[in-house]
Structures are given as structure tokens and as C-alpha cells.
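# A closer look at the structure
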Amino acid sequence: EDQVTQSPEALRLQEGESSSLNCSYTVSGLRGLFWYRQDPGKGPEFLFTLYSAGEEKEKERLKATLTKKESFLHITAPKPEDSATYLCAVHRGKFQFGAGTQVVVTP
Amino acid sequence: SAVISQKPSRDICQRGTSLTIQCQVDSQVTMMFWYRQQPGQSLTLIATANQGSEATYESGFVIDKFPISRPNLTFSTLTVSNMSPEDSSIYLCSVEDRFRVAGGPGDEQFFGPGTRLTVL
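Worth saying up front: this structure is predicted, and the values here are computed from it rather than measured. Here, residues in each chain are numbered from 1, in the same order as that chain's written sequence. The lettering of chains begins at A and the numbering of ligands begins at 1, in the order of writing. At least 70 in pLDDT is required for a residue's local features to be given in this predicted model, at least 80 for side-chain atom pairs to be given and counted, and no such filter applies to totals for whole chains, interfaces and linings, which use all residues. Note: side-chain values were computed over all heavy atoms of the structure, leaving out hydrogens and water.

## Quick look at the overall build of chain B
Assigned secondary structure in chain B consists of zero helices and 11 strands. Helix and strand definitions follow DSSP, with helices as H or I runs of at least four residues and strands as E runs of at least two, each counted in order from the N terminus. Secondary structure elements of chain B, listed N to C terminal, follow the sequence β-β-β-β-β-β-β-β-β-β-β. By principal-axis analysis of the C-alpha atoms, chain B measures approximately 45 × 30 × 25 Å. When checking whether two residues touch, look at their non-hydrogen atoms; a contact exists if any pair is within 4.5 Å. The contacts in chain B between residues at least 6 apart in sequence include a share of 55% that link residues at least 24 apart. Shrake-Rupley sampling with a 1.4 Å probe provides the accessible areas, and residues are treated as covered by the protein chains on show and by no other component. Of the roughly 5700 Å² that chain B leaves accessible, carbon and sulfur atoms contribute 49%.

So this is what it looks like as C-alpha cells:
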């Protein structure tokens, strides 16, 4: 059975304290791995798509990487506005989302 | 990316009633999707709605409970029928915007703001 597991469930960071979120998956025939950011009361906002092992994408303080079994979202020197829930999803004909990592960045 | 709006943004309904949620996109898209996000949980796909064909429902979701219309390439509705408190959730529509995202095959999905439904 396909599974998408995100860890940790929650992460509390000081401003400037870099960290990484993990998304591990057991999916065959992966068509892509996607990262989204979701703020409270809003729909998910698209961040990155990764298609093959070794691929990396960057956007401001965020960097996503992909291996054959997992993806990492690295947050470098986070700011309070980076506080959100970060979701990953795998695409194998349809999207399957992980449970998300809730990130809180304090000043 | 596509701009997606949903109506209503939120509603409070009585059990046994039905609510229709509208999803409007600012450009023509082939594939539209409806998701449910229960409190504190991640997103679960309800169905895929393609224009000109019946919606395809995921396991655990049936057409009688969640009828979907897709009359054209920019609009879809999801009805939550005979509601119970267990239907209290955020309902989200999304589109696959194959032709607007550079640098990849364009499988990305873009989401509307969601409809927050509370059933009493």
C-alpha cells in the first residue's frame, strides 16, 4: 500500500535556526513529489515539484531535495513569516498527501 | 498559475440539509479535483471531475452523498448531501494547470481557498 509519512509532526524554531522536514514515501511508479505550504484557514500554496532522485529546487529560504525513498525540505535561517504547515504529496496518477509538519518560528 | 475561487467561503448548516459548493477558475483546465480536509488532518481526495464525463470517486466516497457537476472547463460544483456533523470539514477544489508552469510536465495542482463547513 502506498504511504506518505512526514516528520516531525510539529517543529518549533527560533528565528534564524535552520532545520529540515522529512517526507518519506513507499510508492512505485512515482510521477512526482510536491511540496505545499498551508496557512491557517487557507488552501495549500504550491512550492516545489521534484521528479527524479538527486533533483533540488530552491525558493528564498526553502530548498527541497529528493532521493529514491524520501524528500527533505530545508528551511535556512527561518523568519516568523515561514510559520505554516508544510505538506508533501506524491503523484501516481492521483495525489496522496502526507499529514504535514506544522512549523512555528518565533522571533 | 490559475486563480481559483470558491463559494461560499464558510457556512453553518443543519443536519439533514445539503450544501452546494462552487469552484470557479480563471482559465480553462481539463482536470479539477475535490478534496476534504477534516480538522487537524491532511487532504483526502474525494473525486476527480473532468468536463464531459462522470466524476470519478475515490474509495469511501459515493455520488449520492457528494454529487459533482462539471458543466464547462472553468467551473465545477460539489454538493454535500444529507449532512451530518461528521461532514464538518474544509472542502477544497484544485486544478491541474498543465500549461502554465515552466520547467516541468506541469502536473502541479493549484488549490482554491477552501470552504469551511460546520454541520450542527
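## A short note on the sheet that holds strand β7 (residues 62-66) of chain A
All names here are of chain A. Here, any two strands with at least 2 DSSP bridges between them count as paired. A sheet is described by the order of its strands in space; here five strands give the open sequence β1-β3-β8-β7-β6, paired in antiparallel fashion. The open sheet has two free edges, formed respectively by β1 (3-7) and β6 (56-59), since each of these has just one partner strand. Taken pair by pair, the neighbouring strands of this sheet meet at an average axis angle of 15°, ignoring direction. Across five bridges, β1 lies against strand β3 (residues 19-26) in antiparallel orientation. Residue pairing in the sheet places Val4 in a bridge with Tyr25 of β3. Here an angle of 0 to 180 degrees is reported between the N-to-C directions of two axes, which are lines fitted to C-alpha atoms, with helices fitted over the stretch in contact.

## Focus on the pairing of β3 of chain A
Across six bridges, β3 of chain A lies against strand β8 (residues 70-75) of chain A in antiparallel orientation. Bridge pairing links Asn22 of chain A to Phe72 of chain A in β8 of chain A.

## A look at the side chain of Arg37 of chain A
All names here are of chain A. Within the fold, Arg37 resides in strand β4 (residues 32-38). Classification of Arg37 as buried rests on a relative accessible area of 14%. Any pair of nitrogen or oxygen atoms within 3.5 Å is treated as a polar contact; in protein, a donor-acceptor pairing is required on top of that, and neighbouring residues in sequence qualify only through side-chain atoms on both sides. Side chain to side chain, Arg37 and Asp39 meet in a polar contact 3.0 Å long. Polar side-chain contacts of Arg37 include one of 3.3 Å to the backbone oxygen of Ser83. Here the term buried applies to any residue with accessible area under 20% of the maximum for its type, exposed to any over 50%, and partly exposed to those in between, with areas from a 1.4 Å probe on protein chains only.

## A look at the confidence of the model for chain A
Per-residue confidence from the predictor is reported as pLDDT, which spans 0 to 100. Residues of chain A with pLDDT of at least 70 account for 100%, and the chain-wide mean is 93. No element of chain A has a lower mean pLDDT than strand β10 (residues 95-97) of chain A, which averages 91, and none a higher one than strand β11 (residues 101-106) of chain A, which averages 98.

## A short note on the packing of aromatic side chains
Aromatic rings considered in pairs are described by the distance between their centres and by the relative angle of their planes. Working definition: a ring pair exists when centres of Phe, Tyr or Trp rings (six-membered ring for Trp) sit within 6.5 Å. Plane angles under 30 degrees give stacked, over 60 give edge-to-face, the rest tilted. Counted according to the given criterion, the structure contains 10 aromatic pairs over all chains. Aromatic pair Phe61 of chain B and Phe66 of chain B: ring centres 5.6 Å apart, planes at 65°, arrangement edge-to-face. By relative accessible area, Phe66 of chain B is classed as buried at 3%. These aromatic residues form a ring-pair network of at least three members: Phe34, Tyr36, Phe46, Phe95 and Phe97 of chain A together with Tyr35, Phe110 and Phe111 of chain B.

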